[in-house]
Amino acid sequence: MNKLKHFLLNSKNINKSSFIWNMAGSMLMAFQSVIMLMIITRTLNLYEAGVFTLAYASANLFLNIGKYGMRNFQVSDVKRQFNFKEYNTSRIITTVLMLIVSLVYVVIAKSKNDYNMNKTWIIIWMCLFKIVDSIEDAYLGYYQQENRLDVAGKMLTLRMILTILVFGLGLIFLRDQLISLMIATIFTTLLLIMFVTLTYPAFRKEESVHKGKVWELLRVCFPLFLGCFLAFYIGNAPKYAIDSLLSDEMQACYGFIAMPVFVIGLLNNFIFSPMIARMSMMWKERQNKDFFRLFWIQILIIGIITIVCEAGAFVLGVPVLSMLYNTDLAPYKTELLVLLLGGGFLALSGLFVTIMTIIRIQNSQAIGYGIVAVCAYILSPIFVRKYAVMGASVLYLLLMILLCIIFAIMMMIGFKKKRSDA
């Protein structure tokens, strides 16, 4: 145990380790569902893969309630407006709310879409599985705030590797998705408890929780939460329409070709996440030239990554995905390219959201997400009913473009206002 503690808390080069371990942990988090789906399609069947796709999307939607959009706010809180105990207490409140809303949703969805008991319990346990991510995120944000992103990255990387391994072995030997998920949920919970026990004492400070400040924190971050929740709903609205109108098998196929979409955002986050605290300090100290230089560099990086991913998908996308998921995806090549382009706009909107948080105009985000969410709710069943998977793909692209346009306008207005107030 002492060796594990030493590994987690000590790095020869903190900046280098922060980049490497944050990249590894973020990649594993992003590809967690990919790896799980690969195992499911080989050990079970396409129907089970469709159930997993819906359950994972639903759990991640409710995870936004737990995380409450607070991570970037916490990391960019350079003035220490709130202490860690206040962040952690608020996270416990939002996580309990996440659990309650998840259970209510499952009961309603079961009645509306006539889920069988196995599908119902898989969705419930997937929500429990994601509760661990919610609690952990507060600690990872605190360590990053203390300039120890290396510790956060190591914790996340180890937990992801071991959890995926346990889930995969469960599927291989038990051939039962529900039981494997239950075992993995219990295991990953114990891992988090152990990692926090080993690392948190090194960062603990004499702090007290002020109830008024906890509620103030929840109030301040509410627009961020609402934005994150609506953003995830927007991205997954096509999946919910497919769940209501098409088969679980088609849900699985859409999930397979939608997977590379998040690669663009993931690759962008490798570069951008470590810059959040740095850009926050630049903004605080009015180093505008350096701030905007990093901003435009990030936009250029997103563009390059998107073009490379599109080219790669055109040549290798279908063969690689078909091999990964043991399913013929040749009929969905065009849909894949459309979704990837949407992924580029998703990454761009994520950059805009982060900048809006840094300059503290986060309240505007909820308005933009609200407008696009209404469009998604109205248009999803229309597009999916008429054009099936192609309709879902085109709708995703259009929603992401609209989101970027709205946020770009809001961000420019915000910059202009902040300059005039200075």
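Structure: above.
Residues numbered from 1 in each chain as written. Predicted model: local features only at pLDDT ≥ 70, side-chain atom pairs only at ≥ 80, totals over all residues. Heavy atoms only, no water.

### Some points on the overall build of the protein chain
Summing up its helical and strand segments, the protein chain has 15 helices and zero strands in all. The globule rule puts the C-alpha radius of gyration for 422 residues at 22 Å, and the 21 Å found for the protein chain is close to it. Taking the principal axes of the C-alpha coordinates as reference, the protein chain spans close to 55 × 50 × 40 Å. The contacts of the protein chain with a sequence gap of at least 6 include a subset with a gap of at least 24, amounting to 84%. When the accessible surface of the protein chain is summed, it comes to about 18,300 Å², and 69% of that surface belongs to carbon and sulfur atoms. (Helix = DSSP H or I, 4+ residues; strand = E, 2+ residues; numbered from the N terminus. Rg over C-alpha atoms; globule rule 2.2 N^0.38 Å. Contact = heavy atoms within 4.5 Å. Areas by Shrake-Rupley, 256 points an atom, 1.4 Å probe, with all protein chains shown as cover.)

### Examining the environment of glutamate 206
Mapped onto the fold, glutamate 206 is located in the loop between helix H8 (177-199) and helix H9 (211-245). Measuring from C-alpha to C-alpha, the distance between glutamate 206 and aspartate 328 comes to 58 Å, with 122 residues separating the pair along the chain.

### Section: the packing of aromatic side chains
The geometry of an aromatic ring pair is captured by the separation of the ring centres together with the interplanar angle, meaning the angle of the planes. As enumerated under the stated definition, the model contains 27 aromatic pairs in all. Seen in terms of ring centroids, tryptophan 283 and phenylalanine 291 are 5.2 Å apart; in terms of plane orientation they differ by 50 degrees. Their pairing is tilted. The class for phenylalanine 291 is buried, based on a relative accessible area of 0%. On the basis of an interplanar angle of 65 degrees and a centroid distance of 4.9 Å, the ring pair of phenylalanine 292 and phenylalanine 415 is categorised as edge-to-face. Remark: phenylalanine 415 occurs in helix H15 (residues 363-421) and phenylalanine 292 occurs in helix H13 (residues 288-325); sequence separation between them is 123 residues. Comparing phenylalanine 292 with phenylalanine 415, the two get one shared label, buried. Among the aromatic side chains, those forming a connected cluster through ring pairs are Phe84, Tyr139, Tyr142, Tyr143, Tyr200 and Phe203. Between the NZ or CZ atom of lysine 154 and the centre of the ring of phenylalanine 7, over which it lies, the distance is 4.9 Å. The side chain of lysine 333 reaches across the aromatic face of phenylalanine 314, ending 4.1 Å from its centre. (Phe/Tyr/Trp six-rings, centres within 6.5 Å; stacked < 30°, edge-to-face > 60°. Buried < 20%, exposed > 50% of the residue type's maximum accessible area, 1.4 Å probe, protein only. Lys NZ or Arg CZ within 6 Å of the ring centre and 35° of its normal.)

### Some remarks on the side chain of aspartate 77
With respect to the secondary-structure elements, aspartate 77 resides in the loop between helix H4 (71-75) and helix H5 (84-113). Of the polar contacts made by the side chain of aspartate 77, one reaches the backbone nitrogen of glutamine 81; its length is 2.9 Å. With sequence-adjacent residues up to four places away left out, aspartate 77 is seen in contact with Phe82, Tyr87, Gln145 and Arg360. (Polar contact = N/O pair within 3.5 Å; in protein donor to acceptor, adjacent residues only side chain to side chain.)

### Topic: the environment of alanine 237
As for its position among the elements, alanine 237 is in helix H9. Residue alanine 237 is classed as buried on the basis of its relative accessible area of 3%. Taking C-alpha positions, alanine 237 is 18 Å from lysine 110, a pair spaced 127 residues apart along the chain. Alanine 237 has contacts with Ala376 and Ser380, leaving out every residue within four places of it along the chain.

### A look at H5
Over its 30 residues, H5 extends 42 Å from the first C-alpha to the last, a length consistent with the 44 Å expected when each residue adds 1.5 Å. Taken together, the buried positions of H5 are occupied by Phe84, Glu86, Tyr87, Asn88, Ser90, Arg91, Thr94, Thr95, Met98, Ser102, Val106 and Ala109. Each element contacted by the buried residues of H5 is listed here: helix H3 (46-67), H4, helix H6 (117-145) and H9. The distance from a side-chain oxygen at the start of H5 to the backbone nitrogen of lysine 85 is 3.1 Å, and the residue carrying that oxygen is asparagine 83. (Expected span 1.5 Å × (residues − 1).)

### Here we look at the pattern of salt bridges
Within this structure, the stated rule accounts for eleven salt bridges. With its nearest N and O atoms 3.2 Å apart, the salt bridge here joins arginine 91 to aspartate 137. Taken as a pair, arginine 91 in helix H5 and aspartate 137 in helix H6 lie far apart in primary sequence, 46 residues in all. Salt bridges sharing partners connect three or more residues here, namely Lys130, Asp133, Glu136 and Arg159. (Salt bridge = Lys/Arg side-chain N within 4 Å of Asp/Glu carboxyl O.)

### Things to note about a nonpolar patch on the surface
On the surface, Ile161, Leu162, Leu165, Leu169, Ile172, Phe173, Leu174, Ile179 and Ile183 cluster together to form a nonpolar patch covering roughly 800 Å² of accessible area. Looking at the nonpolar patch, the elements with two or more residues in it are helix H7 (149-174) and H8. Assignment of secondary structure puts isoleucine 161 in helix H7. Among the residues examined, isoleucine 161 registers a relative accessible area of 41% and is labelled partly exposed. (Patch = residues over 30% accessible without salt bridge, like charges linked within 9 Å, V, L, I, M, F, W, Y side chains within 5 Å.)

### Considering the packing of H6 against H7
Where H6 meets H7, the closest approach of the two axes is 8 Å, and the angle between their N-to-C directions is 160 degrees. Our classification of the angle between H6 and H7 gives roughly antiparallel. Considering how the two elements wind past one another, H6 and H7 form a crossing that is right-handed. Within the contact between the two elements, H6 uses Phe129, Val132, Asp133, Glu136, Leu140, Tyr143 and Gln144 and H7 uses Leu149, Val151, Ala152, Met155, Leu156, Arg159, Met160 and Thr163. A breakdown of the residues in the contact of H6 with H7 according to their chemical character gives ten nonpolar, two polar and three charged. (Axes fitted to C-alpha atoms, helices over the stretch in contact; angles between N-to-C directions. Parallel < 35°, antiparallel > 145°, perpendicular 65-115°, else oblique. Left-handed = near helix turned anticlockwise from the far one by under 90°. Nonpolar A, V, L, I, M, F, W, Y, C, P; charged D, E, K, R; others polar.)

### Here we look at unusual backbone geometry
Residue asparagine 147 is not a glycine yet carries a positive backbone phi of 60 degrees. Note on placement: asparagine 147 falls in the loop between H6 and H7. What makes asparagine 147 exposed here is its relative accessible area of 58%.

### What to know about the packing of H5 against H9
Interaxial distance between H5 and H9 falls to 12 Å at its minimum, and their mutual angle equals 30 degrees. With respect to H9, the axis of H5 lies roughly parallel. Remark: the crossing between H5 and H9 carries right-handed chirality. In this structure, H5 uses Glu86, Tyr87, Thr89, Ser90, Ile93, Thr94 and Asn113 to contact H9, whose residues at the interface are Lys213, Val214, Trp215, Leu217, Leu218, Asp243 and Ser244. Considering only residue class, the contact of H5 with H9 consists of six nonpolar, five polar and three charged.

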